[in-house]
Amino acid sequence: MSSKPTPKRILVADDEPDVLQLVSNNLKSAGYQVLKAEDGLDALTQARETLPALVVLDLMLPEMTGLEVCKLLKRGATTSQIPIIMLTAKAEEVDRIVGLELGADDYMTKPFSPRELVLRVKSVLRRSSASGEAGEQLVFADVSVDRTKHEVTVAGKRVEFTATEFKLLALLIERRGRMQSREMLLNDVWGYEAAIDTRTVDTHIRRLRDKMGQAGRHIETVRGFGYRLAQTED
């Protein structure tokens, strides 16, 4: 008799009780186990101790901000690969960009649709899991992507990539020389059928270029369309 798989654990951090309860109830209804934190310090502690499958993290938290929590989790050896969805009332572009640059995998602003949040959680978890499934190695210039180990090396040195960055880089290398629209990348990497926010793609491309070092210059911007990785390395 087969046993049911253990539900994936999601940590939700928000200092608004109503929002915390709303998010938790919807995630539980979707089949997830939910942990709650009402301040940043508690969120950081629980994430380190329980290693959840994903963190839904409010930006404005007492004790420690969501940005600080995100930064520390992404720097931690055991927590760097935990996907993070930022959930915040701050809709300014600079806050969104800072969150993504710190390693957050997605970003939602309040008020939000609980159904959309659940869909985004599923999408982030799906691409996080899929990023290490294919047993192959991709190489471009001095960048090497090992899908089995979920590792990226640049000029022989290991560089930390989030699950989203990892999948985006692998996709660009696989499709080198072919133009990829922002909408196409949102669909194939993020799993979004509608162009929710194409600026998210631009932020991640900038991070890829930085982390790829000299090879980053081969990610070409196709004005008014999207991006492509140069066919040749010359």
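Look up a bit, the structure's there.
About the thresholds
- Residues numbered from 1 in each chain as written.
- Predicted model: local features only at pLDDT ≥ 70, side-chain atom pairs only at ≥ 80, totals over all residues.
- Heavy atoms only, no water.
- Salt bridge = Lys/Arg side-chain N within 4 Å of Asp/Glu carboxyl O.
- Helix = DSSP H or I, 4+ residues; strand = E, 2+ residues; numbered from the N terminus.
- Buried < 20%, exposed > 50% of the residue type's maximum accessible area, 1.4 Å probe, protein only.
- Axes fitted to C-alpha atoms, helices over the stretch in contact; angles between N-to-C directions.
- Parallel < 35°, antiparallel > 145°, perpendicular 65-115°, else oblique.
- Left-handed = near helix turned anticlockwise from the far one by under 90°.
- Contact = heavy atoms within 4.5 Å.
- Nonpolar A, V, L, I, M, F, W, Y, C, P; charged D, E, K, R; others polar.

Side chains that differ in charge, positive against negative, can pair when their charged atoms come close. Applying the stated criterion across every chain yields a total of 13 salt bridges. With a closest N to O distance of 3.3 Å, arginine 158 and glutamate 151 form a salt bridge. Of the charged contacts, one joins glutamate 165 and arginine 207 as a salt bridge, the two residues approaching to 2.3 Å between their closest N and O atoms. With glutamate 165 in helix H6 (residues 163-174) and arginine 207 in helix H8 (residues 199-211), this residue pair connects regions lying 42 residues apart in the sequence. By relative accessible area, which is 11% here, arginine 207 ends up buried. When salt bridges with common partners are traced through the structure, they connect Asp14, Glu16, Asp58 and Lys110 into a single cluster.

Look at the link from lysine 110 to proline 111: it is a cis peptide, with omega at -5 degrees. Position of proline 111 among the secondary structure elements: in the loop between strand S5 (106-109) and helix H5 (114-130). Notably, alanine 155 is not glycine yet its phi reads approximately 55 degrees, a positive angle. Checked against the element boundaries, alanine 155 lands in the loop between strand S8 (151-154) and strand S9 (157-159).

Another point: the packing of helix H2 (residues 40-50) against helix H3 (residues 66-75). The geometry of H2 relative to H3 is characterised by a closest axis approach of 9 Å and an angle of 20 degrees between their N-to-C directions. Taken together, the axes of H2 and H3 lie roughly parallel to each other. Here the hand of the crossing between H2 and H3 comes out right-handed. From H2, Gly40, Leu44, Ala47 and Arg48 reach across to H3, where they touch Val69, Leu72 and Leu73. Split into classes, the residues belonging to the contact of H2 with H3 amount to 5 nonpolar, 1 polar and 1 charged.

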